[in-house]
2 protein chains.
Amino acid sequence: MDSIILIGYIASFFCSITFVPQAIKTLKSRQTDDIALNMLLFSFIGNSCWLIHAISLGITPLALSASMILTFNTPILIMKLSHMYKKRFTQIELQVKA
Amino acid sequence: MDSIILIGYIASFFCSITFVPQAIKTLKSRQTDDIALNMLLFSFIGNSCWLIHAISLGITPLALSASMILTFNTPILIMKLSHMYKKRFTQIELQVKA
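Residues numbered from 1 in each chain as written. Chains lettered and ligands numbered in written order. Predicted model: local features only at pLDDT ≥ 70, side-chain atom pairs only at ≥ 80, totals over all residues. Heavy atoms only, no water.

Enquirer: Explanation requested: the relation of the copies chain B and chain A in the structure shown.
Expert: What connects the two chain copies is a rotation about an axis and a shift along it. With an axial shift of 0.0 Å and an RMSD of 0.0 Å, the rotation relating chain B to chain A amounts to 180°. Between the two chains, the operation in question is that of a two-fold axis. Closest approach to the rotation axis within chain B is made by the C-alpha atom of Asp34(B), at a distance of 2.7 Å. Taken together, the interface assignments show that 100% of the residues at the interface of chain B recur at the interface of chain A, consistent with an identical surface on both copies. (Least-squares fit on C-alpha atoms with pLDDT ≥ 70 in both. Contact = heavy atoms within 4.5 Å.)

Enquirer: Sorry if this is basic, but what is going on with the packing of aromatic side chains here?
Expert: Pairs of aromatic rings are described using the distance from one ring centre to the other and the angle between the two planes. Counting across every chain of the model gives six aromatic pairs over all chains. The structure contains a cluster of three or more aromatic residues connected by ring pairs, namely Phe13(A), Phe14(A) and Phe42(B). (Phe/Tyr/Trp six-rings, centres within 6.5 Å; stacked < 30°, edge-to-face > 60°.)

Enquirer: When you look at the packing of helix H1 (residues 3-16) of chain A against helix H4 (residues 60-97) of chain A in this model, what are you seeing that I'm missing?
Expert: Axis angle and axis distance: for two packed helices, these are the angle between their axes and the distance between the axes, and together they describe the pair. Residue and element names in this part refer to chain A. With their axes 8 Å apart at the nearest point, H1 and H4 run at an angle of 20° to one another. Taken together, the axis directions place H1 and H4 in an arrangement best described as roughly parallel. Here H1 contributes Ser12, Cys15 and Ser16 to the contact with H4, which in turn contributes Ser65, Met68 and Ile69. Its residues assigned to classes, the contact of H1 with H4 comprises three nonpolar, three polar and no charged. (Axes fitted to C-alpha atoms, helices over the stretch in contact; angles between N-to-C directions. Helix = DSSP H or I, 4+ residues; strand = E, 2+ residues; numbered from the N terminus. Parallel < 35°, antiparallel > 145°, perpendicular 65-115°, else oblique. Nonpolar A, V, L, I, M, F, W, Y, C, P; charged D, E, K, R; others polar.)

Enquirer: Any chance you could explain the nonpolar core here in plain terms?
Expert: Nonpolar side chains in soluble globular proteins generally cluster together in the buried interior. Core analysis: the largest hydrophobic core is formed by 18 residues, its most contacted members being Phe19(A), Met39(A), Leu40(A), Phe19(B), Met39(B) and Leu40(B). For this core, the secondary structure elements donating two or more residues are helix H3 (37-57) and H4 of chain A together with helix H3 (37-57) and helix H4 (60-97) of chain B. Contacts of Leu40(B), omitting those with residues within four sequence positions, involve Phe19(B), Ile35(B), Asn73(B), Ile76(B), Leu77(B) and Lys80(B). If you look at the next biggest cluster of nonpolar residues, it comprises seven residues, including Trp50(A), Ile7(B), Ala11(B) and Cys15(B). (Core = buried A, V, L, I, M, F, W, Y, C linked by side-chain atoms within 4.5 Å. Buried < 20%, exposed > 50% of the residue type's maximum accessible area, 1.4 Å probe, protein only.)

Enquirer: How should the environment of Ile52(B) be read in this particular structure?
Expert: Relative to the assigned elements, Ile52(B) resides in helix H3. Separated by eleven residues in the primary sequence, Ile52(B) and Ala63(B) place their C-alpha atoms 8.1 Å from one another.

Enquirer: Sorry if this is basic, but what is going on with the interface of chain B and chain A here?
Expert: Where interface size is quoted, it is often the accessible area lost as the parts come together. Contacts between the two partners involve 35 residues from chain B and, on the opposite side, 35 residues from chain A. Buried area between chain B and chain A, both sides added, is near 3000 Å², and the carbon and sulfur share of it is 77%. Three residues stand out in chain B for area buried against chain A, namely Asp34(B), Met39(B) and Phe42(B), and they jointly supply 21% of the buried area on that side. Inspection of the region where chain B meets chain A yields zero salt bridges. Elements with a contribution of two residues or more to the side of chain B that touches chain A: helix H1 (3-16), helix H2 (20-29) and H3 of chain B. No other element matches H3(B), which puts 13 residues into the side of chain B that touches chain A. When the residues that make up the side of chain B that touches chain A are grouped by side-chain class, the tally is 19 nonpolar, twelve polar and four charged. (Buried area = accessible area lost by both parts, 1.4 Å probe. Salt bridge = Lys/Arg side-chain N within 4 Å of Asp/Glu carboxyl O.)

Enquirer: I keep staring at H3(B) and nothing clicks. Help me out?
Expert: Because the α-helix completes a turn every 3.6 residues, residues three or four places apart line up on one side. All names here are of chain B. In this model H3 runs 30 Å from its N-terminal to its C-terminal C-alpha over 21 residues, within 8% of the 30 Å that 1.5 Å per residue would give. Within H3, the full set of buried residues consists of Met39, Leu40, Phe42, Ser43, Gly46, Asn47, Cys49, His53 and Ala54. Immediately beyond the C-terminal end of H3, within one or two residues, lies Gly58, with a positive phi of roughly 70°. (Expected span 1.5 Å × (residues − 1).)

Enquirer: Which parts of the structure should I look at to understand the layout of surface pockets?
Expert: It is a probe the size of a water molecule, rolled over the atoms, that shows where empty space is left. A volume near 920 Å³ is recorded for the largest pocket. As for the largest pocket, its lining consists of 31 residues, of which Trp50(A), Leu62(A), Trp50(B), Leu62(B) and Ser65(B) are closest to the centre. Secondary structure elements with two or more residues in the lining of the largest pocket: H1, H3 and H4 of chain A together with H1, H3 and H4 of chain B. Taken together, the residues of the lining of the largest pocket break down into 18 nonpolar, 13 polar and no charged. (1 Å grid on protein atoms, 1.4 Å probe; cavity = no way out; pocket = protein on both sides within 12 Å on 5 of 7 lines; lining within 4 Å. Points joined across faces, edges and corners; volume = space filled by probe spheres on them.)

Structural data, given as structure tokens:
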């Protein structure tokens, strides 16, 4: 196999599994304070668009890579949003009590 | 422009700026505890490979996207590694003192 094509496959593999360690860490620790919401949001929007683009044009590797990223990015995004919602709710509750 | 191609450009744009909010948050707060080292490492390896692949084959949008991601991913990776090193050093120091 051409070495440049092989490098492309390596790139695709590593980008596909980017959010796996973050999903594992976040599901274990249940801490999302240091993670930027917009990083998760941008990645979610970007990869949803890649998925539509790839399925429409029949680009299987890109479709696979985007679905992998979405699979592991989505639970972190949900947890981050739920933590932010809880924090905001507690703040409002404290303000009402004060 | 074909809507599918437009969706591809939107995808490329959002994926390019994925690490921008994380870099800003991390440089401001200087906290990296909740970020998984391997997420940063996998993204670094993957995008370095995409950059080599894209430059070799002359794929400009992919090269631009990979360089953007590397530009904002690398400072977070350096900060995470430096925090891990400091933590390890403090632990060893405490063990020596104990």
